[in-house]
Amino acid sequence: MTSKSAPPTSRAPLSGPVDAVVVGAGFGGLYALHCLRQAGFSAVAFETGDGVGGTWYWNRYPGARCDVESLQYSYSFSEDLDQEWNWSEKYAPQPEILSYANHVADRFDLRRDIRFSTRVVAATFDEARALWVVETERLDGSGGDRVEARFCIMAVGCLSSANKPPFAGMADFKGPIYHTGEWPKDGVDFTGLRVGVIGTGSSAIQSIPLIAEQAKALTVFQRTPNYSVPAYNAPLDPAYVAEVKANYPALRAKARSRPTGFYFPFNTQPALASTPEERRRQYEEAWARGGLPFLGAYGDLLFNKEANDTIAEFAREKIRGIVKDPKTAELLCPENVFGCKRLCVDTNYFATYNKPHVSLVDVSKTPIERFTAHGLVVGGKTYELDAVVCATGFAAMTGAFDKIRITGRGGLTLAEKWQAGPRTYLGVASAGFPNLFMVTGPGSPSVLASMIQAIEQHVDWMVDMMAHLRDVGARTFEARIEDEDRWVAHVNEVSQVSLRSTCSSWYVGANVPGRPRVFMPYIGGFPVYVQKCNEEMDGGYGGFVLDGATTRNAPPEIRLTRRWHVPLDMDVISPAMLAARQVPVV
Ligand code: N01
């Protein structure tokens, strides 16, 4: 598969020791470095790419942009940063988000502690010395590092391990095969080509309209249709930006109180309490605003199937209204729960199918059989293609961990421990793996919240815990297995309240054959989760064994976490949040 390769780097191997190794220099790794330094810890980060930005470094496909408003899809830890950075559009395009990541790296002088073009291949806990030994491979082939660190912080991302289905005959195909999540740095020119796109998730839905503008012919291979809401992306109005900047802390506080960790108008009323006419008006208004907030048209859309049916039918009507060919329109109409798979946000996606050179092939019942030298075979028919784009997503949440041989106590690897599904306490740590933190790991709100908010809360909490360990002279922390078991059960129990657990999405690992079906993120809502983390902290980390601590379960000093350590203030309470709150912190 054609993919972006990082240029070679030559440097002497590192051996440490350092207080912490950070794996990844995306938004999680960058913030972790910043906080570690502030708290007086030495750290080094390893990054496979040759630059910072993580997901925004790798996903350079045409049309890639955020779908949480730029003014909220950004770090909130620095008021100065908030004030000085200017977003150009409602939803910033990938190059601008990558520039922002680079700006943050420079502004906070983070690069000096990052080793680029270096892949972490193993992390092994040395029990006798209570140290992590982290091994890397440098992409220039010049060897690797072997660094010893007290702590290992996995900032590997939730959607960073590309899912590349092994279609038969791929090696025979004469043209290039791209994956949206590993897009060539120099871009791709599809002018005059017959292009095939496999998949119809967010990446496909963003890229298809732009690929169609260049390609001579575009064939989309769809296994499951997806709901998508128009973005209505536009340049940001300077008056609106000025207003937000004048009140940024208040907006950030409102965002933190939301289940999603970002703010948008939300109608808490149940859908079925409205008449059909009122509902239509409400949906039309929400559709006209566009984007993910469409799901906020009513409060129960993800919890009541009958309510969900009303929004699903409205969305299907929109598709039928846009797509002129009735057969294509029907193929594009999803039948599953609206918002069950991650909702997509688009610019001209459905209208693209009205173009005469764009066609849709249903591979739900007759899967892609194989590649040939010149195309793809489906149902015995060959589709002639010059280039193929696999918009086939990611081995979500655990895939990036699987790529590293992580060995904890007694020689147990994380992959072995997670064979039947990920097991963490609060999504930050896993029993048997002392002093190893996971930023937005499975069991935390992560992908169900605004990622950057979720990252900041996690990192602040982790670094405060590290400082506490230093204060009380503890060598290690380790999640208690009984607390972890209770947390895993709680994550699973709360997920059952939401309709989101009912379909075959990447949230449950169903997009990759052979993965265990487990609802991986925590759906209880961002503020409830933050409260649980705060309670854990206030209890002196009772859910963890702090080995060697001079005091037992003493409340820590609250440092970076101060901004999250505020009374729970939820202006939108979902059934999942209610269910989550019924369970005391474990
Ligand atoms: O991946 P996906 P994505 N044969 O898994 C299909 C975030 N994101 O990269 O649904 C044929 O959603 C698969 O079919 P099915 C966002 O959280 C955000 O698009 O499994 N088809 C599906 O259609 C998003 O949800 C933005 O039946 C196969 C597609 O490939 C997440 O990343 C932009 C197949 C994969 O869709 C992942 O999105 C982009 C096969 N063998 C991404 N295997 C923003 O806007 C898979 N498929 C911020």
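This structure is a prediction, so every number in the text was calculated from the model and none was measured.

A. Here's a closer look at the overall build of the protein chain. The number of helices and strands found in the protein chain is 17 helices and 20 strands. Here the C-alpha atoms of the protein chain give a radius of gyration of 24 Å, agreeing with the 25 Å that 2.2 N^0.38 yields for 586 residues. Projected onto its principal axes, the C-alpha coordinates of the protein chain cover approximately 70 × 60 × 45 Å. Within the protein chain, the fraction of its 586 residues that count as buried is 59%. Contacts in the protein chain between residues at least 24 apart in sequence constitute 73% of all its contacts with a sequence separation of at least 6. Taken as a whole, the protein chain presents about 22200 Å² of accessible surface, with 52% of it coming from carbon and sulfur. Taking the average place of the 60 positive charges on the side chains of the protein chain and the average place of its 64 negative ones, the gap between the two points comes to 3 Å.

B. Just the sheet that holds strand β15 (residues 381–384), in detail. What the three strands build is an open sheet, ordered β13-β14-β15; its pairing is antiparallel. Among the strands making up the open sheet, the edge pair consists of β13 (368–372) and β15. On average, each strand axis in the sheet is inclined to that of its neighbour by 25°, with strand direction left out of account.

C. Just the pairing of strand β4 (residues 118–126), in detail. In this sheet, strand β5 (residues 131–138) lies alongside β4 in antiparallel orientation, the contact comprising eight bridges. Within β5, the position partnered with F125 by the bridge is W132. Taking the residues that link successive antiparallel strands as the turn, the β4-β5 hairpin has four residues, and the phi of A130 there is positive, at about 55°. Sheet analysis places β4 next to strand β17 (residues 405–407), joined by three bridges and oriented parallel. Note on β17: the bridge partner recorded for T124 is T407.

D. Up close: the layout of surface pockets. Within this model, the second largest pocket holds a volume of roughly 370 Å³. In terms of lining residues, the second largest pocket is bounded by 18 residues, among which E69, Q72, Y240, L251 and Y263 are the most central. Those elements that provide at least two residues to the lining of the second largest pocket are α6 (238–246) and α7 (248–256).

E. How the structure looks around the packing of helix α8 (residues 276–289) against helix α9 (residues 305–322). Where α8 meets α9, the axes come as close as 11 Å, and the angle between the chain directions of the two elements is 60°. One element, α8, and the other, α9, form an angle in the oblique class. As for how α8 packs across α9, the hand of that crossing is right-handed. The segment α8 lies against α9, with R279, R280, Y283, E284 and W287 engaging A307, T310, I311, F314, E317 and K318. Considered class by class, the residues forming the contact of α8 with α9 number five nonpolar, one polar and five charged.

F. Structural context of the nonpolar core. Y75, F338 and F544 are the most contacted members of the largest nonpolar core, which totals 112 residues. At nine residues, the largest contribution of residues to this core is made by helix α14 (residues 451–471). With residues near it in sequence (within four places) discarded, F544 still touches Y425, V428, A429, W461, M465, F477, E478, A479, R480 and E536. Counting residues in hydrophobic clusters, the runner-up holds 30 residues, among them F190, A204, L218 and V220.

G. Representation of the confidence of the model for the protein chain. With 97% of its residues at a pLDDT of 70 or more, the protein chain shows a mean pLDDT of 94. Segment residues 3–8: pLDDT under 50, and 16 contacts once partners within four positions in sequence are set aside and those in other chains are kept.

H. Structural detail: the state of the cysteines. Inspection of every chain in the model, using the stated rule, returns one disulfide. Residue C152 stays outside any disulfide, its sulfur separated by 16 Å from that of C158, the closest cysteine. For the unlinked cysteine C390, the closest cysteine sulfur is that of C344, found at 17 Å. Among the residues examined, C390 registers a relative accessible area of 1% and is labelled buried.

Conventions and cut-offs
- Residues numbered from 1 in each chain as written.
- Predicted model: local features only at pLDDT ≥ 70, side-chain atom pairs only at ≥ 80, totals over all residues.
- Heavy atoms only, no water.
- Helix = DSSP H or I, 4+ residues; strand = E, 2+ residues; numbered from the N terminus.
- Rg over C-alpha atoms; globule rule 2.2 N^0.38 Å.
- Buried < 20%, exposed > 50% of the residue type's maximum accessible area, 1.4 Å probe, protein only.
- Contact = heavy atoms within 4.5 Å.
- Areas by Shrake-Rupley, 256 points an atom, 1.4 Å probe, with all protein chains shown as cover.
- Lys, Arg positive; Asp, Glu negative; His and termini not counted.
- Charge placed at Lys NZ, Arg CZ, Asp CG, Glu CD.
- Pairing = 2+ DSSP bridges.
- Axes fitted to C-alpha atoms, helices over the stretch in contact; angles between N-to-C directions.
- 1 Å grid on protein atoms, 1.4 Å probe; cavity = no way out; pocket = protein on both sides within 12 Å on 5 of 7 lines; lining within 4 Å.
- Points joined across faces, edges and corners; volume = space filled by probe spheres on them.
- Parallel < 35°, antiparallel > 145°, perpendicular 65-115°, else oblique.
- Left-handed = near helix turned anticlockwise from the far one by under 90°.
- Nonpolar A, V, L, I, M, F, W, Y, C, P; charged D, E, K, R; others polar.
- Core = buried A, V, L, I, M, F, W, Y, C linked by side-chain atoms within 4.5 Å.
- pLDDT = per-residue confidence, 0-100.
- Disulfide = S-S within 2.5 Å.

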